[in-house]
Amino acid sequence: MSTSRYAVAARLAATQTFINAPTTLTTLVALPLTELLMLIAVASAMNSPQLVTTAYCGALVAATTGVLAQSIALVTYDRNIGVLHDVLLTRFFNPVFWFSKLAVPCLNAALMGCVMIGGIWVFAPESSAEMTGIALVLLPCFILAGALLGFACATLSVALNDPYLISNVVAAVLPPTAGVLAPISAYPAWLAVLVQWLPLTHGIEVFREVATGSGLSDVVLLHALAELAICCTWALAGVLASSRILTLIRSGRRTEEIW
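Analysis parameters
Residues numbered from 1 in each chain as written. Predicted model: local features only at pLDDT ≥ 70, side-chain atom pairs only at ≥ 80, totals over all residues. Heavy atoms only, no water. Axes fitted to C-alpha atoms, helices over the stretch in contact; angles between N-to-C directions. Helix = DSSP H or I, 4+ residues; strand = E, 2+ residues; numbered from the N terminus. Parallel < 35°, antiparallel > 145°, perpendicular 65-115°, else oblique. Left-handed = near helix turned anticlockwise from the far one by under 90°. Contact = heavy atoms within 4.5 Å. Nonpolar A, V, L, I, M, F, W, Y, C, P; charged D, E, K, R; others polar. Salt bridge = Lys/Arg side-chain N within 4 Å of Asp/Glu carboxyl O. Buried < 20%, exposed > 50% of the residue type's maximum accessible area, 1.4 Å probe, protein only.

Another point: the packing of helix α9 (residues 201–211) against helix α10 (residues 218–251). Between α9 and α10, whose axes approach to 8 Å, the crossing angle comes to 160°. Taken together, α9 and α10 sit at an angle that is classed as roughly antiparallel. As α9 runs across α10, the sense of the crossing is left-handed. When α9 is examined against α10, the residues T201, H202, G203, E205, V206, E209 and V210 are found in contact with a partner set consisting of V220, H223, A224, A226, E227 and I230. For the contact of α9 with α10, a count of residues per class yields six nonpolar, four polar and three charged.

Structure below.
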């Protein structure tokens, strides 16, 4: 019975993405390849010496922002029809609800990520064969980061009238701050220190370190743990922020519904 509830929830969420064949192809193929071409164009215009590495970094970050954007869209739909308000007040950690909002975006991001990574390999097969394998291995980690950030942005937005504000800002800021176009070591000292506290910075550093042959060194493991800690901190901040709003609603100090 429990399994069927998860299946139904995921199926309902999937119908908003896989409405028909043209929409599916646009979401999973056309958009990722277009984003990849734009990223390569920007990197080429900047005379980036590591064009292929930049492309793989962009693909991994795009997978994260893909989960973030799609999960926010699903949560916002339920928010607009009043479902989110009732769910949060009834049972904040409703596993079926959050599974339905995160599982399908994660699946979509996995497919989109594979398309982008495969496209890069086709673009430069000789120079990126090893990087392709590394990117595919790390792809689930970036998807997990996207799920945590999606949950964080959805719960942080509970107190705001615009449910897309935080996610839009985060999605716009992540590519430059994560070190997609250039490694963090090339940033000004003050900026390099700042971005160390933002999501995906350490994740991209893991990819760059492993791609250059460092393997699972202590530095790589520290970057991986730092990335996990930062994403979990964002999720915890979302829980605390939304819990505060729910406390105000239950106490009667806030009469406005979550919309």
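Here the narrative resumes.
Next up on the list: the pattern of salt bridges. Applying the stated criterion across every chain yields a total of one salt bridge. Among the ionic pairs, K101 bridges to D78, the shortest N-O distance being 2.6 Å. Placement of K101 in helix α5 (residues 95–123) and of D78 in helix α3 (residues 51–80) is noted, with a sequence separation of 23 residues between them. For K101, a relative accessible area of 8% translates into the label buried. Note on D78: relative accessible area 8%, which makes it buried.

For the rest of this paragraph, the subject is the packing of α3 against helix α7 (residues 165–178). Taken N-terminus to C-terminus, the directions of α3 and α7 make an angle of 175°; their axes are 10 Å apart at the nearest point. By the angle between their axes, α3 is roughly antiparallel relative to α7. Here V61, T65, L68 and I72 of α3 lie close against α7, whose contacting residues are S167, V170, A171, L174, P175 and A178.

With respect to the helices, strands and loops of the structure, A109 is situated in helix α5. Sequence separation between A109 and G146 is 37 residues; the distance between their C-alpha atoms is 9.0 Å.

What follows concerns the environment of T132. Among the secondary structure elements, T132 is positioned in helix α6 (residues 125–156). A residue is classified by how much of its surface remains accessible, and T132, at 12% relative accessible area, is buried. Distance in space between the C-alpha atoms of T132 and Y56 is 7.9 Å, their sequence separation being 76 residues. In contact with T132, not counting residues within four places along its chain, are Y56, I117 and W121.

It is worth stressing that arrangement in space is one thing and function is another; only the former is reported here.
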